[in-house]
2 protein chains.
Amino acid sequence: MSDIKVQANVSKQASFQMAILDTNLKDNALKAVAEALEANKDYIFEANNRDLDNAVKEGLEGPLVKRLKFDEHKLSDVIEGINSLIGLDDPVGKVKLHTTLDDGLELYRVTCPIGVIGIIFESRPDALVQISSLCLKSGNSVFLKGGREALETNKALYSVIRNASIEAGLPDGWINLLETRDDVSEMLTLNEYIDLIIPRGSNSFVQYIMNNTLIPVMGHADGVCHTYVDVDADIEKAMDIVVDAKTQYVSVCNATETVLINKSLDNLVKGEIVKALEDHGVRIHFEDDITEWHHEYLDYDVSIKFVESVDDAINHINKYGSGHTEAIITENRETAEYFMNKVDASSVMLNASTRFADGFRYGFGAEVGVSTSKLHARGPVGLEGLISYKYKIYGNGNIVADYASGKKTFKHIRREV
Amino acid sequence: MSDIKVQANVSKQASFQMAILDTNLKDNALKAVAEALEANKDYIFEANNRDLDNAVKEGLEGPLVKRLKFDEHKLSDVIEGINSLIGLDDPVGKVKLHTTLDDGLELYRVTCPIGVIGIIFESRPDALVQISSLCLKSGNSVFLKGGREALETNKALYSVIRNASIEAGLPDGWINLLETRDDVSEMLTLNEYIDLIIPRGSNSFVQYIMNNTLIPVMGHADGVCHTYVDVDADIEKAMDIVVDAKTQYVSVCNATETVLINKSLDNLVKGEIVKALEDHGVRIHFEDDITEWHHEYLDYDVSIKFVESVDDAINHINKYGSGHTEAIITENRETAEYFMNKVDASSVMLNASTRFADGFRYGFGAEVGVSTSKLHARGPVGLEGLISYKYKIYGNGNIVADYASGKKTFKHIRREV
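Calculation rules
Residues numbered from 1 in each chain as written. Chains lettered and ligands numbered in written order. Predicted model: local features only at pLDDT ≥ 70, side-chain atom pairs only at ≥ 80, totals over all residues. Heavy atoms only, no water. Helix = DSSP H or I, 4+ residues; strand = E, 2+ residues; numbered from the N terminus. Buried < 20%, exposed > 50% of the residue type's maximum accessible area, 1.4 Å probe, protein only. Contact = heavy atoms within 4.5 Å. Buried area = accessible area lost by both parts, 1.4 Å probe. Salt bridge = Lys/Arg side-chain N within 4 Å of Asp/Glu carboxyl O. Polar contact = N/O pair within 3.5 Å; in protein donor to acceptor, adjacent residues only side chain to side chain. Expected span 1.5 Å × (residues − 1). Pairing = 2+ DSSP bridges. Right-handed = clockwise from strand over helix to strand, strands pointing away. Patch = residues over 30% accessible without salt bridge, like charges linked within 9 Å, V, L, I, M, F, W, Y side chains within 5 Å. Areas by Shrake-Rupley, 256 points an atom, 1.4 Å probe, with all protein chains shown as cover. Least-squares fit on C-alpha atoms with pLDDT ≥ 70 in both.

### Considerations on the overall build of chain A
Helix and strand counts for chain A stand at 14 helices and 16 strands. If you line up chain A on its principal axes, its C-alpha atoms span 75 × 70 × 35 Å. Split into buried and exposed, the 417 residues of chain A put 59% on the buried side. Put simply, of all contacts in chain A between residues at least 6 apart along the chain, 72% involve residues at least 24 apart.

### Examining the side chain of Arg355 of chain A
Along the polypeptide, Arg355 of chain A turns up in the loop between strand S12 (347–352) and strand S13 (369–371). In contact with Arg355 of chain A, not counting residues within four places along its chain, are Asp244, Ala245, Gln248, Tyr249, Val252, Asn254, Ala255 and Arg361 of chain A together with Val400 of chain B.

### Some thoughts on the interface of chain B and chain A
With 77 residues of chain B at the interface, the matching set in chain A holds 77 residues. Counting each side, the surface lost to burial between chain B and chain A is near 6,500 Å², with a carbon and sulfur contribution of 59%. Our count for the chain B to chain A interface comes out at 0 salt bridges. Across the chain B-chain A interface, the total number found is 25 residue pairs in polar contact (both at pLDDT 80 or more).

### Remarks on the environment of Lys411 of chain B
Residues and elements named next belong to chain B. Within the element layout of this structure, Lys411 appears in the loop between helix H14 (401–404) and strand S16 (413–415). Classification of Lys411 by relative accessible area gives partly exposed; the value is 43%. Placed 310 residues apart in sequence, Lys411 and Leu101 show a C-alpha to C-alpha distance of 5.3 Å. Those residues in contact with Lys411 that lie beyond four places of it in its chain are Thr100, Leu101, Asp102 and Asp103. Engagement of the side chain of Lys411 in a polar contact is seen with the side chain of Asp103, the distance being 2.8 Å.

### With respect to the pattern of salt bridges
Residues and elements named next belong to chain A. As enumerated under the stated definition, the model contains 42 salt bridges over all chains in all. With a shortest N-O distance of 2.8 Å, Asp27 and Lys137 are connected by a salt bridge. Here the residue Asp27 occupies a position in helix H2 (residues 23–39), and Lys137 occupies one in helix H6 (residues 126–137), the gap between them amounting to 110 residues. In this pair, the class of Asp27 matches that of Lys137, namely buried. Of the charged contacts, one joins Glu331 and Lys237 as a salt bridge, the two residues approaching to 3.0 Å between their closest N and O atoms. In this pair, Glu331 is assigned in the loop between strand S11 (325–329) and helix H13 (333–342) and Lys237 in helix H10 (residues 235–247), connecting sequence segments 94 residues apart. Using a relative accessible area of 45% as the deciding quantity, one classes Glu331 as partly exposed.

### Considerations on H2 of chain A
Residue and element names in this part refer to chain A. Spanning 17 residues, H2 covers 24 Å between terminal C-alpha atoms, matching the ideal 24 Å at 1.5 Å per step. Residues of H2 that are buried: Lys26, Asp27, Ala29, Leu30, Val33, Ala34, Ala36 and Leu37. Residues of H2 that are buried in the fold lie against helix H3 (41–57), helix H5 (72–87), H6 and helix H7 (151–167). Sitting at the head of H2, Asp22 places a side-chain oxygen 2.9 Å from the backbone nitrogen of Asn24.

### Structural notes on the pairing of S12 of chain A
Counting buried positions along S12 of chain A gives 6 out of 6 residues, so the element sits mostly inside the fold. Bridge analysis of S11 of chain A against S12 of chain A gives 4 bridges, and the strand direction is parallel. Bridging across to S12 of chain A, Ala327 of chain A finds its partner in Met349 of chain A. Considered for its hand, the β-α-β crossover made up of S11 of chain A, H13 of chain A and S12 of chain A is right-handed. Pairing of S12 of chain A with strand S15 (residues 387–398) of chain B involves 5 bridges; the strand directions are parallel. Counterpart to Ser347 of chain A in the pairing with S15 of chain B is Tyr391 of chain B.

### Section: a nonpolar patch on the surface
A surface patch of nonpolar side chains, about 280 Å² in accessible area, is lined by Met1, Val6 and Val10 of chain A. Locating Val10 of chain A in the fold gives a position in helix H1 (residues 3–18).

### Here we look at the relation of the copies chain B and chain A
Superposing the two chain copies requires a rotation about an axis and a translation along that axis. Between the two copies, chain B and chain A, the superposition gives an RMSD of 0.0 Å; the rotation angle is 180 degrees and the shift along the axis is 0.0 Å. Taken together, the rotation and translation relating the two chain copies correspond to the operation of a two-fold axis. Taking C-alpha positions as the reference, the residue of chain B nearest the rotation axis is His376 of chain B, at 1.8 Å. Comparing interface residues between copies, 100% of those in chain B also lie at the interface in chain A; the contact surface is shared.

Function cannot be read off these values alone, since they describe shape.
Structural data, given as structure tokens:
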């Protein structure tokens, strides 16, 4: 067996132990991790400095270097994140359904962890802390693979988190760090041990992962988000939202890439929307100029299309969107409901910026990613997306033959939970 | 575009319409389907007779012919099933989470259909009616592919259901019948249009589907279920349950394939359990005789292993089980809880037969299948397993820049729903 396979087997065994951990033990382990991060900050900052030096040597660009930095400010952010997780309800062991099947035969649907989760993420080292603390609280084992540029920082963070959590009573093997691409390729073959892969990164990277593993993958490939300005839009709101959705942070998946504008709006109004974007440095691409509507610029560029109606907008979105986040600007509540129900996307917004689609902003504390899949978790994925459930039946000698023969019949009394 | 691809595109468009259908319209369509099945029963029975004649000509065995039969009795069963579905709550449009992110910025998580579902099922024609009515009520478009032996019956049922439902207002293309294996191969490539595949059938068939499509697959490959007789078992209950779990219906996925017996039980007691199985015609396979513990007999055969402890039983199950259904027989509630929490399976039973793991017995009305996946739906999959959700945000001109700059802060007030 390869090293990774041995590790995966140990991690699977650990996951059975993780599934039955007491809430207090998990919260104490999170507390210990937060304290250890603070106590070992010099060790972590030194490691981060080595990564930063390498990055400068390798000629990495400014924004990438900025993302790589792990300083006092980032440290206090991740510790605040851990403390907010401690305050949240344990997502494991919640009864979601209770039905009395017959006298003395009770059925419960109870939440439980998914098992072993492999997460591949970009170069922000704070992501490692967020992801591992979400997995800890939800009782999952985890394999982490961060960006190559952040390897020294990730190794330091991993060893601090691992030591503190195991000291606090977590099973050996619950947390694992992968260091190379070959390790990732190996992990993708281990469907016997690993229950879920969450890849974060570029469209082509996520597609590659999806096409090269039998393990279920949760995430999103691209974010082609739309903002539709309806005939009943308030023009001030429309301008503010379109500008925010496009320019507040251009290189992210929930930024708007296409603005759909209702043709019946006054020409002056249409002009003002376009001008507001141009004033913020956005290059405008009109219909004649566009060969592919399903296009994610991740830059100061926007596609603009004039549509006939809300139905025209919905059809365009359902055809060219990526199912991530779609917004409508309108004062007509009926049109809004129609749009929000018929558009097929993980988040739909009325009179708000697509940029709100994010685990922190949704109040989930943090997120492991955004899912555009319609199975399991959809949209920003926090604690609840990291759990599954099992059915528990409590009987007293009950056999199926009695029901098959008609001697007994089911009562199926559904209880409030 | 191939015919199937054209159909899939139409079906996808229909799914957007299905997603916003009124509950009354769906319930009326179900009523119309039930009435049409009754009104056209001679047409359906004639088609079924052609299938039965062919089956006899081709030398199909008795049990298979019996499963193929669609008569007055089966008809009244499926009509009763449809009527019970009409009585159930609409699973679409339910608010599952409501958080006030800030004054005037409301977040809802609302259930919605999955979209287009492809279901491949065995030769029972009643399955076609159950599956299509579950999809109708949950607002999903569906591609159906039944067993080759039942083709005539399936064509008749499909045309009756299709005509009655479209007459009642459902969009053209919501229901589709595939007739050949080539059609299925084509469907597996249409990940652009089809959101979920549910394969029912043999282990090798389900594995084949899972390995040959990029579309998410929900279901289970095999059912290696265990019943563990604990040291604190009531011997009468143990004998009844073990016999029922093994012999009540041997060819199904929730039948017990391995009995684990605690070594510390009295030898006489151990002997009685084995004898009870032998008395019901079961061939016993002890440890010496077994090369592979992960084995699904689907026949009057059982593997028996004597284990040291409940932990030994749990480890065996987590290593060799298929995550389907596992039972413990004990009067010790603490041991039971430990087993039920630590065993990794979709259903876990205390003092009850593994054969109870079934959508009808769980009170779900019917099932589209049993899922051993830990993502999305797990265990018997009824209406709730056929829905996803979307996040809806209602704002009033809200932009992210205000929160990024610190001008505003999130309130994140979670509301009871």
